[in-house]
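# Descriptive structure summary
Residues per chain, in single letters:
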Amino acid sequence: MKKTATIVLIVIVGFVIAYGTVCLYMGNFEGAFATFPFLLFFYVFAVARQQMQRRKETDDEPDK
């Protein structure tokens, strides 16, 4: 399940980046910058998820 969700997220983010790039080349700056909040949301989601996993790993380790 994790692998499938990761692949889906990579594909979605790839399409968003490709769409923004095409919009920039065509001169549609509004369309290109409209994708920024979406990418920012995914970045914050990924960073928060990594930090939660690190905290969980450190909490699971026994004290030395």
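On a predicted model such as this, the values are computed, not experimentally measured, just so you know.

## Notes on the overall build of the protein chain
- When you go through the protein chain residue by residue, the secondary structure sums to three helices and zero strands.
- The N-to-C order of helical and strand elements in the protein chain reads α-α-α.
- Computed over the C-alpha atoms, the radius of gyration of the protein chain is 17 Å, more than 25% above the 11 Å expected from 2.2 N^0.38 for a compact globule of 64 residues.
- For the protein chain, the spread of C-alpha atoms along the principal axes amounts to about 60 × 20 × 10 Å.
- Within the span of the protein chain, comprising 64 residues, buried residues form 11% of the whole.
- Here the protein chain has roughly 5,900 Å² of accessible surface; of this, 68% comes from carbon and sulfur atoms.

## Concerning a nonpolar patch on the surface
- Together, F36, L40, Y43 and V44 make up a nonpolar patch on the protein surface, roughly 430 Å² of accessible area in all.
- Position of V44 relative to the elements: it lies in helix α3 (residues 36–60).
- We classify V44 as partly exposed; its relative accessible area is 48%.

## Let's talk about the packing of helix α1 (residues 2–26) against α3
- Between α1 and α3, the least distance of the axes is 10 Å, while the angle of their chain directions is 150°. Here α3 runs roughly antiparallel to α1, going by the angle between their axes. For the pair α1 and α3, the crossing hand works out as left-handed. Here L9, I12, V13, V16 and I17 of α1 come into contact with α3, specifically with F38, L39, F42 and F45.
- Here the contact of α1 with α3 is composed, by residue class, of nine nonpolar, no polar and no charged.

## Notes on the packing of aromatic side chains
- Within the structure shown, the criterion is met by three aromatic pairs.
- Ring plane angle 75° and centroid distance 4.8 Å describe the contact between F38 and F42, whose orientation is recorded as edge-to-face. With F38 and F42 both in helix α3, this residue pair falls four residues apart, about one helical turn.
- Judged by relative accessible area, which is 14%, F42 ranks as buried.
- Here a set of aromatic residues connected by ring pairs shows up, and it is made of F38, F41, F42 and F45.

Conventions and cut-offs
- Residues numbered from 1 in each chain as written.
- Predicted model: local features only at pLDDT ≥ 70, side-chain atom pairs only at ≥ 80, totals over all residues.
- Heavy atoms only, no water.
- Helix = DSSP H or I, 4+ residues; strand = E, 2+ residues; numbered from the N terminus.
- Rg over C-alpha atoms; globule rule 2.2 N^0.38 Å.
- Buried < 20%, exposed > 50% of the residue type's maximum accessible area, 1.4 Å probe, protein only.
- Areas by Shrake-Rupley, 256 points an atom, 1.4 Å probe, with all protein chains shown as cover.
- Patch = residues over 30% accessible without salt bridge, like charges linked within 9 Å, V, L, I, M, F, W, Y side chains within 5 Å.
- Salt bridge = Lys/Arg side-chain N within 4 Å of Asp/Glu carboxyl O.
- Axes fitted to C-alpha atoms, helices over the stretch in contact; angles between N-to-C directions.
- Parallel < 35°, antiparallel > 145°, perpendicular 65-115°, else oblique.
- Left-handed = near helix turned anticlockwise from the far one by under 90°.
- Contact = heavy atoms within 4.5 Å.
- Nonpolar A, V, L, I, M, F, W, Y, C, P; charged D, E, K, R; others polar.
- Phe/Tyr/Trp six-rings, centres within 6.5 Å; stacked < 30°, edge-to-face > 60°.

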